[in-house]
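Inside the fold
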Amino acid sequence: MADIKQLEQTATQIRRDIVRMVHGCQSGHPGGSLGCADYFTALYFDVMKRKEGFDMDGIGEDIFFLSNGHISPVFYATLARAGYFDVKELATFRQINSRLQGHPTTHEHLPGIRVASGSLGQGISVALGAALAKKQNGDDNYVYALCGDGELEEGQNWEAIMAIPNLDVERLILTVDWNGQQIDGPTKEVMDLGDLPAKFKAFKWQVFVLEQGNDIAAISAKLKEAKQAAKPGSPVVILMKTVMGKGVDFMEGHHEWHGIAPNDEQLASALKQLPETPLGDY
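Our subject in this report is the structure included herewith. (Residues numbered from 1 in each chain as written. Predicted model: local features only at pLDDT ≥ 70, side-chain atom pairs only at ≥ 80, totals over all residues. Heavy atoms only, no water.)

1. Quick notes on the packing of aromatic side chains
One pair of aromatic rings is described through two measures. These are the centre distance and the angle between the planes. As enumerated under the stated definition, the model contains 14 aromatic pairs in all. Judged by centre distance (5.4 Å) and plane angle (80 degrees), the ring pair of phenylalanine 40 and phenylalanine 64 falls under edge-to-face. Within this pair, whereas phenylalanine 40 is found in helix α3 (residues 37–47), its partner phenylalanine 64 is found in strand β1 (residues 63–66), the two being separated by 24 residues in sequence. Taken as a pair, phenylalanine 40 and phenylalanine 64 share a single burial class, namely buried. (Phe/Tyr/Trp six-rings, centres within 6.5 Å; stacked < 30°, edge-to-face > 60°. Helix = DSSP H or I, 4+ residues; strand = E, 2+ residues; numbered from the N terminus. Buried < 20%, exposed > 50% of the residue type's maximum accessible area, 1.4 Å probe, protein only.)

Written out as structure tokens, the structure is:
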């Protein structure tokens, strides 16, 4: 495992990037982005096998698909900090003619982005197609995907979830950001998902429940365990319990921060809680 202190500093820097990006354009989705900063850090800086540079086909390396594309701030910040593009470009988030649109797109040719996302409920299907392509090509690397728990209320998610084990898909690891929040309130009040582990098990998935979804060491360990467990006909899902707005006390656990930007005073408070790191701000 990579040095835990360095990983934690990276996650903190990504959180600083997120709040500054969203504040800068007064638009975006900070809550889910902050909640998933530890997952992205663990995935990109400790778990995924990545080649130098970037190409769309992803042959010979692990690939990742973000389904809940509204949390683009954490995705962009991670990609920049991982070297896919200059961190200074983060300052252009949601600006006119910027490659960093509110939801990731492919026509902007931004390194690290392999699919447009933001219309929820499609990412698992994309991951299925990519995993089938890797299997067809004899590429034994992994496909990772992230979706939100509220997202499981829509789209073709359950068609893909049913198809994946029946198509004997290999090396696909889905993670669900199980924060219990969505734009209109707690998921249990808006559209209760019921017994989510039981539902995945009914579709022949191996289910790992990660209670510490904001602990980088725990996330890395669970992802590595999932890699060992993923087998044909028995895909793995990690139900990762996170806290929306993690790291900023007035955002934590509040669905209102799903999609609003902090004002100047709130930004200052957030940055005070997220200490500067050796990586430096953009």
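2. So, the environment of isoleucine 18
Within the secondary structure, isoleucine 18 sits in helix α1 (residues 4–25). Contacts of isoleucine 18, omitting those with residues within four sequence positions, involve Pro30, Ser33, Leu34, Pro73 and Val74. (Contact = heavy atoms within 4.5 Å.)

3. Re helix α5 (residues 123–137)
With 15 residues, α5 extends 21 Å from end C-alpha to end C-alpha; this agrees with the ideal 21 Å at 1.5 Å per step. Taken together, the buried positions of α5 are occupied by Gly123, Ile124, Ala127, Leu128, Ala130, Ala131 and Lys134. The secondary structure elements touched by the buried residues of α5 are β1, β2 (143–148), α6 (157–166) and β3 (172–177). In the segment just after α5, glycine 138 is the residue with positive phi, at about 70 degrees. (Expected span 1.5 Å × (residues − 1).)

4. Thoughts on the sheet that holds β1
What the five strands build is an open sheet, ordered β1-β2-β3-β7-β6; its pairing is parallel. Only two strands of the sheet have a single neighbouring strand rather than two, namely β1 and β6 (206–210). For this sheet, the mean inter-axis angle between neighbouring strands, taken without regard to orientation, is 20 degrees. Here four bridges tie β1 to β2, and the two strands are oriented parallel to one another. Note that in β2 the partner of leucine 66 across the bridge is leucine 146. (Pairing = 2+ DSSP bridges. Axes fitted to C-alpha atoms, helices over the stretch in contact; angles between N-to-C directions.)

5. Comments concerning the packing of α5 against α6
Two elements in contact, α5 and α6, have axes whose closest approach is 8 Å; the angle formed by their N-to-C orientations is 30 degrees. Comparing their axes, α6 and α5 come out roughly parallel. Seen along the crossing, α5 lies across α6 with a hand that is left-handed. Residues Ile124, Ser125 and Leu128 of α5 pack against Asn157, Ala160, Ile161, Ala163 and Ile164 of α6. Of the residues contributing to the contact of α5 with α6, the split by class is six nonpolar, two polar and no charged. (Parallel < 35°, antiparallel > 145°, perpendicular 65-115°, else oblique. Left-handed = near helix turned anticlockwise from the far one by under 90°. Nonpolar A, V, L, I, M, F, W, Y, C, P; charged D, E, K, R; others polar.)

6. Topic: the environment of lysine 135
By the element assignment, lysine 135 lies in helix α5. The sequence separation of lysine 135 and glutamate 170 amounts to 35 residues, and the corresponding C-alpha distance is 7.0 Å. Look past the residues within four positions of lysine 135 in its chain and what remains in contact with it is Leu167, Asp168 and Glu170.

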